[in-house]
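# Topology and contacts: notes
One-letter residues, chain by chain:
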Amino acid sequence: MIDPGHGGRDPGAIGISGLHEKDVTLDIARRLASNLAARPGIDAKLTRDSDVFIPLNERVQISRKARADMFISIHADSAPNRDARGLSVYTLSDKATDKFSKALADRENEGDLRGSIVVPTVDKAVGAILFDLEARHARNTAQHVRSHFVQSIGHKWPLLDNPMRAANFVVLRAPDVPSMLSETGFLSNPHDEKILRIPAEREKIARLMAKSLTAILESSLFG
């Protein structure tokens, strides 16, 4: 499940030239889905395929309802530090790895996830154990995916310092779907904005993502 960040009445970040994050993320997400769909055995879907607003918790539920093997949210936000540039990838953590990541998550979050896994048992204690095991497995898988993803893309696309981070993003709170959020760059940085304005560069990052995700989906993590 590919999630283009923002949309509709929520434009996301706006670059100095007027480039809207919601348009960048939708274009990259569409290109990523197209590249993945061309590969045998992969079914790529979008949480939104037009300029519409979808609350964060609904995006999570869309992914869970589809029983996605993986969820990736695409962004190009404003960074707390205007000098910050490059790709970074975030997984869920109750405590952010650093102030930068916490500031991004705080800015991004607009709601909260109230749902939980429906466990087929009447025993509350057993249900709690199963919930915890599934949530832990999803988080561990997401951390492995993040590592492979960054390593495979890093030689061909600019990376943020310490690109593997974690924070309490609402959109990553599906307890049963490995989830990560990728900042493809920051529109608050003129260099990143210049790159992300170019359709050929958006196609490049989409292809790099597709190649990495295909290798991950075909690996033992999802075997």
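Since the structure is predicted, the reported quantities are computational estimates derived from the model, not experimental observations.

### A closer look at the packing of aromatic side chains
Considering all chains together, one arrives at two aromatic pairs under this definition. Note on phenylalanine 100 and phenylalanine 186: the rings are 5.8 Å apart at their centroids and 85° apart in plane angle, and the pair reads as edge-to-face. Residue phenylalanine 100 is found in helix H3 (residues 99-108), and its partner phenylalanine 186 is found in the loop between strand S5 (179-183) and helix H5 (190-196); the two are separated by 86 residues along the sequence. The pair phenylalanine 100 / phenylalanine 186 is uniform in exposure class, with both members buried. Its guanidinium or amino end placed over the ring of phenylalanine 53, arginine 9 lies 3.9 Å from that ring's centre, counting from NZ or CZ.

### Observations concerning the confidence of the model for the chain
Looking at the chain as a whole, the pLDDT averages 88, with 88% of positions reaching at least 70. Of all the helices and strands in the chain, helix H4 (residues 124-153) carries the lowest mean pLDDT, 77, while strand S1 (residues 2-4) carries the highest, 98. Contacts for the low-pLDDT stretch residues 111-121, under 50 throughout, to residues beyond four places or in other chains number 26 contacts.

### A few points about the nonpolar core
By size, the foremost hydrophobic cluster in this structure holds 31 residues, and its most contacted members are Ile2, Leu32, Phe149, Ile153, Ile205, Met209 and Leu213. Counting residues per element, this core draws most heavily on helix H6 (residues 199-217), at seven residues. Tyr90, Ala167, Val171 and Leu172 belong to the second largest nonpolar core, which has 22 residues in total.

### Details of the sheet that holds strand S2 (residues 71-75)
Here five strands make up an open sheet; going across it, the order is S1-S2-S5-S3-S4 and the pairing mixed. Two strands bound the open sheet, and with one partner strand each, they are S1 and strand S4 (159-167). Each adjacent strand pair in this sheet contributes to an overall mean axis angle of 20°, direction not counted. Contacting S1 and S2, helix H1 (residues 21-37) runs over the sheet at an angle of about 160° to S1.

### Digging into the pattern of salt bridges
Evaluated as defined, the whole model comprises twelve salt bridges. Between aspartate 27 and arginine 31 there is a salt bridge whose closest N-O contact spans 2.8 Å. Here aspartate 27 and its partner arginine 31 are both found in helix H1, four residues apart, which amounts to about one turn of the helix. Under the relative-accessibility criterion, arginine 31 is labelled partly exposed at 22%.

### A look at the packing of H1 against H6
Orientation of H1 relative to H6, taken along the N-to-C sense of each, is 45°, at an axis distance of 8 Å. One way to sum up the angle between H1 and H6 is to call them oblique. Where H1 crosses over H6, the handedness of that crossing is right-handed. Of the residues in H6, those in contact with Val24, Asp27, Ile28, Arg31, Leu32, Asn35 and Leu36 of H1 are Pro199, Arg202, Glu203, Ile205, Ala206, Arg207, Met209, Ala210, Leu213 and Thr214. By residue class, the composition of the contact of H1 with H6 is ten nonpolar, two polar and five charged.

What counts and what doesn't
Residues numbered from 1 in each chain as written. Predicted model: local features only at pLDDT ≥ 70, side-chain atom pairs only at ≥ 80, totals over all residues. Heavy atoms only, no water. Phe/Tyr/Trp six-rings, centres within 6.5 Å; stacked < 30°, edge-to-face > 60°. Helix = DSSP H or I, 4+ residues; strand = E, 2+ residues; numbered from the N terminus. Buried < 20%, exposed > 50% of the residue type's maximum accessible area, 1.4 Å probe, protein only. Lys NZ or Arg CZ within 6 Å of the ring centre and 35° of its normal. pLDDT = per-residue confidence, 0-100. Contact = heavy atoms within 4.5 Å. Core = buried A, V, L, I, M, F, W, Y, C linked by side-chain atoms within 4.5 Å. Pairing = 2+ DSSP bridges. Axes fitted to C-alpha atoms, helices over the stretch in contact; angles between N-to-C directions. Salt bridge = Lys/Arg side-chain N within 4 Å of Asp/Glu carboxyl O. Parallel < 35°, antiparallel > 145°, perpendicular 65-115°, else oblique. Left-handed = near helix turned anticlockwise from the far one by under 90°. Nonpolar A, V, L, I, M, F, W, Y, C, P; charged D, E, K, R; others polar.

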